[in-house]
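Structural overview for review
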Amino acid sequence: MALTDHVDLSTFMEGVRKRNPGQSEFIQAVQEVAQDIYEFIGDKEEYHHYQILRRIAEPDRIVSFRVCWEDDNHNIRVQRGWRVQNNNSIGPYKGGIRFHPSVTESVLKFLAFEQTFKNALTGLPMGGGKGGANFNPKGKSDHEVMRFCQSFMTELYRHVGADVDVPAGDIGVGGREIGYMFGQYKRITNQFTGVLTGKGLEYGGSLIRTEATGYGAVYFLQNMLKTRGTDLEGRTAVISGSGNVATHAAEKITQLGGKVLTLSDSEGFIHDPDGIDQEKIDWVKAHKTRRRGRISDYAKEFTGASFNGGMTPWGVPCDVALPCATQNELLGMDARALVSGGCIAVAEGANMPTNLEGVHVFKEARILFAPGKAANAGGVAVSGLEMSQNSERRAWKEAELQQLLLDIMAGIHDRCVAYGRTPDGYVDYVKGANIAGFKKVADAMLAFGVV
């Protein structure tokens, strides 16, 4: 093989910026991975010659489409939908669908890029993709959500399939939305296949899928703490978010003997010094899902709790922190506040919730820090298991799935340690996750040639 002139990191990133103008979230995600990968591939000529990282940072395809629907007042509404199919080198594209006003092509490209490495880390045969629309389900009636989902799937159905691309839920897309989209796919294609995950148990869904992302993040956190000879018993935890991931992370921490102090939403956070126990977590689940309420109501319901409007919870002293809301919610100053407040470990339940400055703060402080692509992979792991169950036309028992989730998260942790341990014994989990995920995808791409 002829030697290739190696493009350095700064030149590579300049090319990424030039090709993706204005897409700050995507550029940030590529930068965070590339700075670790460049060190790893420095002396590996094949990866340079075949432009592997350059190819992973260019999605296989991006589908953009108009979504027209009618609201309850008979107004015609128009949204924009996307599906980003980033890389299918190790399996069908796999990744969630997000319905939120903040959804843009840049956000979905960053999520699909991250998903490629996350799925590789699970050890399951899944490629990386992501989709969504700038539709806000909040405040919409069930019929409005149904009409939007049906219109969205009418455009999306021709690009997905059980062996092509298998979407799941994400922010704004839960069991209700998955049901509406699956029903429309079945209606259009006359096929009953595992085209979506996160389905209801009545029509092919998997047990523990709802709990998997939050539980998995805590399992990863527990594995990190074990490397320091400790665990969650008696530890205080600060959590952001109050949706599916946050509440189940809080639930698992409580079960393992920890005390959860905070939850949040877009309006602010609640602080409960007495701890958010299982009874309170159940109240939050019901309040946020069935009643579509705000987290501020928690402070009215439970004595001793306070609501802090327009603020994030990172200033509350704690032992461990789990950002479980959205991207770039934990900034450099927040990371410094957590470190000074005694935090010894952070596990990301959301996707890229810590910005680059915050990541560097955690690394410099030598605290345990798990990036989302490793810590929150439990959700997509169980989605992968749901795909297997659909293919086999069977359903596994909960105990089997719980053990598989534990094993998968332990395996991800071990892969991160294998590639992330530094000479002084510190484990750089970001570096470990990036390299382990990259190597699996890259080696598959080399096997396929230039395609």
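Each chain carries its own residue numbering, running from 1 in the direction its sequence is written. The predicted origin of the model limits local features to residues at a pLDDT of at least 70 and limits the giving and counting of side-chain atom pairs to 80 or more, whereas totals for whole chains, interfaces and linings rest on all residues. Computation of side-chain values: all heavy atoms of the structure, hydrogens and water removed.

Concerning the overall build of the chain
Rules: A helix here means a DSSP run of H or I that spans at least four residues, while a strand means a run of E at least two residues long, and both kinds are numbered starting from the N terminus. Each radius of gyration is computed over the set of C-alpha atoms, and the globule rule expresses the reference value as 2.2 Å times the number of residues to the power 0.38. The buried label goes to any residue with under 20% of its type's maximum accessible area, the exposed label to any with over 50%, and the partly exposed label to all in between, with areas taken from a 1.4 Å probe on protein chains only. In this description, contact between two residues means that some pair of their heavy atoms is separated by no more than 4.5 Å. Here, Shrake-Rupley sampling with a 1.4 Å probe gives the accessible areas, and only protein chains in the shown set may cover a residue.
Of the regular secondary structure elements, the chain holds 17 helices and twelve strands. Taken over the C-alpha trace, the chain has a radius of gyration of 21 Å; the compact-globule value for 451 residues is 22 Å, and the two agree within 12%. Overall, the C-alpha framework of the chain stretches about 70 × 55 × 45 Å when taken along its three principal axes. Counting only residues that meet the buried cut, the chain has 57% of its 451 residues in that class. Residue pairs at least 24 apart in sequence account for 71% of intrachain contacts in the chain once pairs closer than 6 positions are excluded. As displayed, the chain offers around 18000 Å² of accessible surface, 50% of which is attributable to carbon and sulfur atoms.

A word on the side chain of Asp165
Here is the rule we go by: A 3.5 Å cut-off defines polar contacts: any pair of N or O atoms within that distance qualifies, except that in protein one atom must be a possible hydrogen donor and the other a possible acceptor, and neighbouring residues in sequence count only when both atoms are side-chain atoms.
Tracing the chain through its elements places Asp165 in strand 5 (residues 165-168). Of note is the side chain of Asp165, whose polar atom sits 2.7 Å from the side chain of Arg83.

Brief notes about the layout of surface pockets
The test is simple: Two kinds of site are reported from a 1 Å grid over the protein atoms alone, namely cavities, where a 1.4 Å probe fits but cannot get out, and pockets, open sets with protein on both sides within 12 Å along at least five of seven lines, and residues are called lining when an atom falls within 4 Å of a point. Grid points are joined across faces, edges and corners, and a volume is the space filled by probe spheres set on the points.
Size it by volume and the second largest pocket reaches roughly 240 Å³. Along the wall of the second largest pocket there are 14 residues; nearest its centre are Ala162, Asp163, Met387, Ser388 and Ser391.

Some points on the pattern of salt bridges
Rules: Definition used for salt bridges: Asp or Glu carboxyl oxygen within 4 Å of a side-chain nitrogen of Lys or Arg.
Within this structure, the stated rule accounts for 28 salt bridges. A salt bridge links Arg19 to Glu58, with the nearest nitrogen and oxygen atoms 3.7 Å apart. Note that Arg19 is positioned in helix 1 (residues 9-19) and Glu58 in the loop between helix 4 (52-56) and strand 1 (61-70), a separation of 39 residues in sequence. Looking at Glu58, the relative accessible area reads 33%, which means it is partly exposed. Look at the salt bridges and you will find they share partners, linking Asp265, Glu267, Lys288 and Arg294 into a network.

A look at the sheet that holds strand 3 (residues 93-99)
Selection criterion: Whether two strands pair comes down to DSSP finding at least two bridges between them. Only the stretch in contact is used when a helix axis is fitted, and all axes are lines through C-alpha atoms; the angle between N-to-C directions ranges over 0 to 180 degrees.
Across the sheet, which stays open at both edges, the five strands sit in the order 1-2-4-3-5 with mixed pairing between neighbours. A single partner strand is all that each edge strand has here, and the edge strands are strand 1 and strand 5. Shown here is a sheet whose adjacent strand axes are inclined to one another by a mean of 20°, direction ignored. Relative to strand 4 (residues 127-133), strand 2 (residues 76-87) is paired through six bridges, and the arrangement is antiparallel. From the neighbouring strand, Val84 faces strand 4, where its bridge partner is Lys130. Of the strands in this sheet, strand 1, strand 2, strand 3, strand 4 and strand 5 touch helix 6 (residues 142-156), which is tilted by about 145° from strand 1.

Focus: the state of the cysteines
Our working rule: We call a pair of cysteine sulfur atoms a disulfide whenever their separation is within 2.5 Å.
On inspection of all chains with the given rule, the structure shows zero disulfides. Residue Cys149 stays outside any disulfide, its sulfur separated by 15 Å from that of Cys68, the closest cysteine. Residue Cys149 is classed as buried on the basis of its relative accessible area, which comes to 0%.

What about the pairing of strand 1?
A regular strand carries its side chains on alternate faces of the sheet. Relative to strand 2, strand 1 is paired through ten bridges, and the arrangement is antiparallel. From the neighbouring strand, Cys68 faces strand 2, where its bridge partner is Val78. The turn joining strand 1 and strand 2, which pair antiparallel and follow one another in sequence, is formed by five residues; a positive phi near 70° is taken by His74.

As for helix 2 (residues 24-40)
Put simply, the rule is: Multiplying 1.5 Å by the residue count of a helix minus one yields the expected span of that helix. Note on bend: at a given residue it equals the angle between the axes fitted to the 7 residues ending there and to the 7 starting there.
Over its 17 residues, helix 2 extends 25 Å from the first C-alpha to the last, a length consistent with the 24 Å expected when each residue adds 1.5 Å. At Ala34, helix 2 shows its largest kink, close to 30°. With 13 of 17 residues buried, helix 2 lies mostly within the body of the structure.

Keep in mind these numbers describe shape, not what the thing actually does.
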